[in-house]
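# A structural walkthrough
Chain by chain, the residues:
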Amino acid sequence: MATPAALPPLPFNPARVRSYLLRLPLFTRLVVLAIIIFWLLELQTVWSVIQWGALAPDEIGLGSMYRLNTYPIIHNGFFHAFLNLVALTPLIERFEAEHGTLTAVALFLGPLSTFPAGLYLLIEKFLLHRNTAVVGASVWVFLLLGTEAIKTFKSHPYFSLGNYKIPTWTSPLFACVVVSILLPNTSFLGHMCAILVGYLFGLGYLKVFVPPEKILRWIEGKLNLLGRLPHYISVDQKTYGRYGVLPTTNTMGERGTPMSYLGSSQRLAAIRKLRSNPHFLYVHLPHILSFICVLAGVIWLLLLPLNDYSRQTYISENALLPGQVHAYFSGSEQNIFRGYRKELDGLLPNGAPGEGSERNDIELTPEISNKIQSVLRASGLKVATQKYEYTSAGITHQGKNVYAIIQAPRGDATEAIVLVTAWKTADGELNLNGVTLALTLARYFKRWSLWSKDIIFLITPDSKSGTQAWIDAYHDMQPPSVQPLPLKSGALQGGLVVEYPFDHRFESLHIVYDGVNGQLPNLDLINTAVSIAGGQMGIGTNLQEMWDHNDSYEARLQTILRGMAKQGLGYATGAHSSFMPYHIDAITLQTKGDGWQDEMALGRTVESLCRSLNNLLEHLHQSFFFYLLMQTNRFVSIGTYLPSAMLIAGNFTIMAIALWLRTGYYMGSKPKPSANTGVSRNEKQDQLANSPDKGKAKATDVEQKNDANSIIERQLALPLSFVVGQHLLGLVPLFVFNNLSHKYFTTATYTVMVADVVLPLLLAVLLTQGFTPKPQQYLLMKSFSLLLLGLFLSTLATLNFSLSFMIGLLCTPLSFVSRISPTTSAPFRYALAFVGLVLLNLLSPPVILLGGCWYTGVPVETILTQAAFGWDVWGMWTQVVVWCVWWPAWMIGCALLGFSLF
Amino acid sequence: MLVVDRRQAAVFAGALALRLLLLVLFPSLPDLLTGRVEVSTPISSFKRLQEGLFLYTRNVSPYDGGVFHQAPLLLPVFALLPNAREFPLPTALFYSLIDLINANALITISDSGQAGSGRLFSALRKHIRWDGVSIAAWFLFNPFTIATCLGRSTSVFTTTGILYALSNAVSGNSLNAMLSLGFASYLSIYPALLFIPLMLLCYDRRAQGSRLPAGVAIFAVQHLAIFLLSIAGLLGISCFIVGDFSQFISATYGFQLLVPDLTPNVGLWWYFFIEMFDSFREFFLGVFWLHLAAYVGGLTVRLRGQPLFVITSLLGIFAVFKPYPSISDASLYFALLPLYRHLFPLMRYTFFAVSALLYATLLGPAFYHLWIYAGSGNANFFYAITLVWSLGLSILLADTIFAALRDEWEQENPEMRGKEARQI
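Source: prediction; values computed, not measured.

## What to know about the overall build of chain B
For chain B, the helix and strand inventory stands at 18 helices and 0 strands. Its C-alpha atoms give chain B a radius of gyration of 21 Å, within 12% of the compact-globule value 22 Å for 424 residues. Its C-alpha atoms give chain B principal-axis dimensions of about 65 × 55 × 50 Å. Counting across all 424 residues of chain B, residues that qualify as buried make up 47%. Sequence-distant contacts in chain B: of pairs separated by 6 or more residues, those separated by 24 or more amount to 73%.

This is the structure:
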């Protein structure tokens, strides 16, 4: 009773289904194959198969007669194809078994497709004057049902329902009616035509079109089709079918000639051989799958810029109403702007700044700060200041933020919009015009009575730390070195940063949107800015420094890649970035180029944007938070792009699972006796003890069986602690690089580079000498390391797609390196391991960092200072991913190669 | 365990040092963990305990304000400890000691060998086992245990009650076992469901001894009486502490039974009851509780020979289907699982289950972040991950139960040992 055999059997026997499918005759197989292939062909979007092959009455001409034959094998999507296949396969199999393959080919390529089609065309076009295109194998289904019904009618003319006698030949008609009622978009007329032709065929009126048996037999004999083609059914054998023997058993029983199975059995044997070949299953297959995953991931990304995979942007939040209001910021406001500018110029060291580089050295002095405050106060705003100081990598960043609040005449101070102008732009340029514009706008906005949200004007000394200090303090999350805010407003709904770092007119607006750690603002905000600038003001917009974007594939891809690089590195790209962690959507508008737009146009754009944000009834939430922009008006959303990073992360998981299985079931080409652990040996002893009466031969038989089925015991302690230890070791460089003074960064990078060469070898020596791990344990190390890597990367992909993609791509070699088996000849092994180590070292984190620095021409020290600043101030965790995910996995990969040296 | 061997001392010292080290290196870690929904549930949260404590020390009923839902006996204990906000070290030390005590109970359970061979059943591969210290190390260095300890969840006291009930039961002290179980049930109701298998364990243990006890029925009635008396005693003391009996009952047990607080947690109830129409709420409450209780009978009958395994599996089931589960429940299940080292060779989906749990462990906080902080995800993100977590635990459970059944089956059919058998 403990045996599970007491359970009832399944309602159908899978083995029988399998044998039925394996015995399908040739033409049926070809039809099924054709239908599946055409369905797969439809998945692409370049060439519309349905338009090409459908039976569309108006398209039929002399040149498109092929449609009369192609329409039955083309389908309208998966379910259409699937349902028709399920219905068609048994019918057509029966037909073929009865009439032979050659007859079936002749009939189905000829009259049985064209007659219903012709009938349909006649009625549809000339009687009904309509033009409904039809596709699908249901025409054959109903045709064959018609013939079957006639056959049934001959043996059983009626079936009775109560007192009524219903002729059996009507059954396809019922089926047709039911189908057209239940399933949408079925062609009742098409089905009726098919049934009619089926009746005619069943009644024998179409016998004329069946090729004479003599000819068929002659062809068959001449070409030896029976011998050559697998699953071929001879014309001769149809005689058995006519006497009512079930066609399937018939073909099986009578066609026992081994010849007819020859072709298929060879193919099957090859597959079976692969399936029972453990070396292929456990060693080659995972590598192939992993490689395919990586390849698919990369190709997926490359497909994204195509029109079919990306979408046009649209404003999702209706309340925004971008560009629906007239912007009045013009005319006399320009005089005010010039006045303020003059006042500020007067406070600069040498009066109005020129265009030279010394322009960018001008700091926000206390006098200027006071002047800004007095201007804002004079405009009637509430003004406050905040001092802050940050220390990172031995450098102190300090300054004083000035901010002022316009209290909403129509609001209750529960919501606010922030307008930020930093004295220095994100690129370190003097943003004099931007600050002046903010002062002018403050005065201008104050006079409007339509604001329903408070407007905060924030003027910070720089773009890196000022906003961060302010926003932290706004949410009471500031570190002790940052002053709290004396004056606050409501929840921030959106932020705009304005940069105008030169004195001449500008040509276009550059929208910067990347936040810290790759967080992005709601797409609606960017869309609003683009649509206001372009649609209302006539100012062009650019993204990701793509100044001449011609909407080509290359330009789109380049935009995506630039966006991904910024997102992946996770640094703050402007003053707006600091807002993102607090779930406040913000963007930076930068003026670029030399054109004919002046500060008034920029002011009107900002005004219109503020009016749109002012309209918001709730926080921006409608549109996407995860997207890749490839053009100001084109994007891909997370559902489309995420699979590429997931595929790359998945490649590691596949490898990890495969290695785990391999350590349990298959070790090397010939399992050594030592691979059997105490468990199985003890079991065997128990067995021998329990069954002493069994012969020795039988016992060994059992032993062998045991080897095949039971799992090899895995020894996990060493691999687990090695992998966990490596990950903990990553904390050391993380700590060092975040706390070192900036002077030592270059030295530290080179030190780590050298350590990366030495440490894996050292670990390899220590482990091989100290623990003498088994071959299985090396595989387990790799398995755990890759499992963790896949785990981290797939989690990361949901948070920061680009970082996960980049790290995943850089780590792909790790799936394919492992300890080289000591059975390979020593010189070859050493050479291979050495080459592998060199190549891996070229992909080590410090080398990649140095390579990146060399490519961009930025010194290492600057980048690492920036990174440390990001860690200390912005809460950036790119470093954590590098040192605690990438570096340990890389280290273990190198150590595995190192093991093969010792 | 009077004789303390050196390995055990090393493991205990290491575990204690690791906890204190984490506290010293990352002073904000305990508060972070206390706020995590995976660690703290409304019935075990340390924050809520502190709220109750605040009211209690000011002579206000701790249940006023509707925040505190834990047993009142905890209050005088914690009132003795200095304020955790100003002096976090004593509280952390206290919790670490509780962990060590739990580990000690685990060692007793493991060393008794009851997991491998009991009165009615003896596993085939019982020689494959880990010793008590390894199992204690497995428990003490489990990240979930450490997180629970640092998050100062009060569910560790329930864990202590359950583990001591087990350790007393396997050592033959059925009276103490019942008292411990009474303590655990008093703290959080669900351990009461363990009464039947625990009683059977005590009975088997007694029957293994020199004199055969009287019939099971009398034994059961006696022990039920002890169990109920212990609970009644604890309730009496609580009443003495709190004063208002009905308020205390409705705020603690009523709260646990009726599940009014639907704060997200790793379990399956909160999302379901958020979506539920109010008129069906009572019905489904009944169904959910019935579902949880239904496993007791089935498992106890089917695995009559292995009551300790029944308790282990039930603890796993509770970790999935309890109203307010946390990772602490999972850590209790993971603590008892290594006792069944001899079943591991028969298990089939360990890697898959462990991978699912690891994925859920990482993705859970990530999705919670996307939902609550970044605002770019929604509740379904986190709920999907709690489903994966429950799936991982369920697979592990089903796999161990399969392994136990297979073990029994091989016992009955020695000729099938090690051979592949297929269920049809």
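## Points about the overall build of chain A
What chain A contains, in helices and strands, is 35 helices and 13 strands. Across the 902 residues in chain A, those meeting the buried criterion constitute 44%. Excluding contacts between residues fewer than 6 apart, the proportion of contacts in chain A whose partners are at least 24 apart in sequence is 81%.

## Focus on the nonpolar core
L419 and F457 of chain A together with L198 of chain B are the most contacted members of the largest nonpolar core, which totals 283 residues. The dominant element in this core, judged by the number of residues it contributes, is helix α35 (residues 878-899) of chain A, at 16 residues. Taken together, domain 2 (332-347 + 365-632) and domain 3 (657-665 + 714-899) of chain A each give at least three residues to this core, which thus spans both. Counting residues in each nonpolar core, the second largest holds 46 residues, with L26, A104, L121 and V135 of chain A among its members.

## A few points about the UniProt feature "transmembrane region" (unreviewed entry) in chain B
Residues and elements named next belong to chain B. UniProt feature "transmembrane region" (unreviewed entry): in the numbering of this structure it lies at residues 183-203, 215-243, 255-274, 283-301, 346-368 and 380-405. As annotated, residues 255-274 comprises 50% helix and 0% strand, and the C-alpha atoms at either end are separated by 16 Å. Each end of residues 346-368 is marked by a C-alpha atom, and these two atoms are 36 Å apart; helix forms 83% of the span and strand 0%.

## Considerations on the domain arrangement of chain A
Many descriptions give the size of an interface as the accessible area lost when the pieces come together. Each domain of chain A was delimited in the assignment, giving domain 1 (14-227), domain 2 (332-347 + 365-632) and domain 3 (657-665 + 714-899). Summarising the inter-unit geometry, the C-alpha centres of domain 1 of chain A and domain 3 of chain A are found 60 Å apart.

## Focus: the environment of H279 of chain A
The residue H279 of chain A is located in helix α16 (residues 278-303) in this model. Sequence separation between H279 of chain A and R341 of chain A is 62 residues; the distance between their C-alpha atoms is 77 Å.

## Brief notes about the UniProt feature "domain: Peptidase S54 rhomboid" (unreviewed entry) in chain A
In the numbering used here, UniProt assigns the feature "domain: Peptidase S54 rhomboid" (unreviewed entry) to residues 63-206 of chain A. Within the segment residues 63-206 of chain A, helix and strand shares are 68% and 6% respectively, and the terminal C-alpha atoms sit 27 Å apart.

## Focus: the confidence of the model for chain B
Summary statistics for chain B give a mean pLDDT of 88 and a share of 97% for residues scoring 70 or more. Complex prediction metrics read pTM 0.72 and ipTM 0.77.

## Examining the pairing of strand β6 (residues 415-422) of chain A
All names here are of chain A. Summarising burial for β6: 8 of the 8 residues are buried, a large majority. Because side chains alternate across β6, one face comprises the buried residues E415, I417, L419 and T421, and the other comprises A416, V418, V420 and A422, equally buried. Both β6 and strand β8 (residues 491-499) contribute to a ladder of 6 bridges, which runs parallel. For L419, the partnering residue across the bridge sits in β8 and is L496. Pairing between β6 and strand β7 (residues 454-460): 7 bridges, direction parallel. Within β7, the residue paired with V418 across the bridge is I456. Each parallel crossover has a hand, and for β6 linked through helix α19 (residues 432-446) to β7 it is right-handed.

## Here's the deal with the sheet that holds strand β3 (residues 311-312) of chain A
Residues and elements named next belong to chain A. Within the open sheet, the 3 strands sit side by side as β3-β13-β12. Their pairing is antiparallel. Each end of this open sheet is capped by a strand with a single partner; those strands are β3 and β12 (627-631). In this sheet, strand β13 (residues 634-637) lies alongside β3 in antiparallel orientation, the contact comprising 2 bridges. Its bridge partner lying in β13, R311 is registered against F635.

## Overview of the sheet that holds strand β4 (residues 382-392) of chain A
Residue and element names in this part refer to chain A. If you walk across this open sheet you meet the 8 strands as β4-β5-β7-β6-β8-β11-β9-β10, and the pairing is mixed. Of all strands in the sheet, those bounded by a partner on one side alone are β4 and β10 (540-543). The sheet shows a mean angle of 25 degrees between the axes of neighbouring strands, direction not considered. Inspection of the sheet shows strand β9 (residues 506-512) paired to β10 by 4 bridges, in the parallel sense. Residue S508 lies in a different strand from β10, and its bridge partner there is G540. Against the sheet, helix α18 (residues 366-378) makes contact with β4, β5 (395-406) and β7, and its axis sits at roughly 15 degrees relative to β5, the strand it touches most.

## A closer look at the environment of G380 of chain A
Residues and elements named next belong to chain A. With respect to the element layout, G380 can be found in the loop between α18 and β4. By C-beta crowding, G380 is classed as partly exposed, having 13 other C-beta atoms within 10 Å. Considering only alpha carbons, one finds G380 and Q777, 397 residues apart in sequence, at a separation of 74 Å.

## Thoughts on the environment of A422 of chain A
All names here are of chain A. Residue position: A422 is located in strand β6. With 349 residues separating them along the chain, A422 and I73 place their C-alpha atoms 66 Å apart. Once you skip the residues sitting within four places of it in the chain, A422 turns out to touch N431, T460, D462, S463, G466 and A575.

## Examining the packing of helix α27 (residues 717-729) of chain A against helix α30 (residues 775-799) of chain A
All names here are of chain A. At a closest axis distance of 9 Å, the pairing of α27 and α30 adopts a crossing angle of 40 degrees. Comparing their axes, α30 and α27 come out oblique. Judged by the sense of rotation from one axis to the other, the crossing of α27 with α30 is right-handed. Contacts between α27 and α30 involve L718, P719, L720, F722 and V723 from the first element and Q777, L780, M781, F784, S785 and L788 from the second. Broken down by class, the residue content of the contact of α27 with α30 amounts to 9 nonpolar, 2 polar and no charged.

## Remarks on the pairing of β5 of chain A
Residues and elements named next belong to chain A. Pairing analysis gives 11 bridges linking β4 to β5, with the strands arranged antiparallel. The partner of Q386 across the bridge, within β5, is N401. With antiparallel pairing between neighbouring strands as the criterion, β4 and β5 make up a hairpin whose turn holds 2 residues, including A393 at a positive phi of roughly 50 degrees. Pairing of β5 with β7 involves 5 bridges; the strand directions are antiparallel.

## Considering the packing of α16 of chain A against helix α24 (residues 638-665) of chain A
All names here are of chain A. At their nearest, the axes of α16 and α24 sit 7 Å apart, and the two run at 175 degrees to each other. Considering the angle they form, α16 stands roughly antiparallel to α24. Across the contact of α16 with α24, the residue classes break down as 17 nonpolar, 5 polar and 1 charged.

## Notes on α16 of chain A
Residues and elements named next belong to chain A. End to end, α16 covers 36 Å across 26 residues, agreeing with the expected 38 Å (1.5 Å per residue, within 8%). At H284, α16 shows its strongest bend, of approximately 40 degrees, with the proline P286 following within four residues. Regarding α16, the residues found buried are Y282, P286, S290, C293, V294, G297 and L301. Against α24 and α31 (801-816) lie the buried residues of α16.

## Looking at the confidence of the model for chain A
Predicted coordinates in areas of low pLDDT are best not read in detail. Residue and element names in this part refer to chain A. On average, chain A scores 83 in pLDDT, and the residues at 70 or more come to 89%. Every residue in residues 238-264 is under pLDDT 50, and counting partners more than four places away or in other chains gives 38 contacts. Low pLDDT, under 50, characterises residues 669-709; the stretch is placed with 30 contacts to residues that sit more than four places away or in other chains.

## Notes on unusual backbone geometry
Residue and element names in this part refer to chain A. Backbone geometry places A393, a non-glycine residue, at a positive phi of 50 degrees. Positive phi is not limited to glycine here, since E545 has a value of about 55 degrees. Among the residues examined, E545 registers 13 C-beta atoms within 10 Å and is labelled partly exposed.

Conventions we followed
Residues numbered from 1 in each chain as written. Chains lettered and ligands numbered in written order. Predicted model: local features only at pLDDT ≥ 70, side-chain atom pairs only at ≥ 80, totals over all residues. Helix = DSSP H or I, 4+ residues; strand = E, 2+ residues; numbered from the N terminus. Rg over C-alpha atoms; globule rule 2.2 N^0.38 Å. Buried ≥ 20, exposed ≤ 12 C-beta atoms within 10 Å, placed from the backbone. Contact = placed C-beta atoms within 7 Å. Core = buried A, V, L, I, M, F, W, Y, C linked by C-beta atoms within 7 Å. Domains from an automatic or database assignment. UniProt positions renumbered as here; feature names shortened; annotations may be inferred. pLDDT = per-residue confidence, 0-100. Pairing = 2+ DSSP bridges. Right-handed = clockwise from strand over helix to strand, strands pointing away. Axes fitted to C-alpha atoms, helices over the stretch in contact; angles between N-to-C directions. Parallel < 35°, antiparallel > 145°, perpendicular 65-115°, else oblique. Left-handed = near helix turned anticlockwise from the far one by under 90°. Nonpolar A, V, L, I, M, F, W, Y, C, P; charged D, E, K, R; others polar. Expected span 1.5 Å × (residues − 1). Bend = angle between axes of the 7 residues up to and from the residue.

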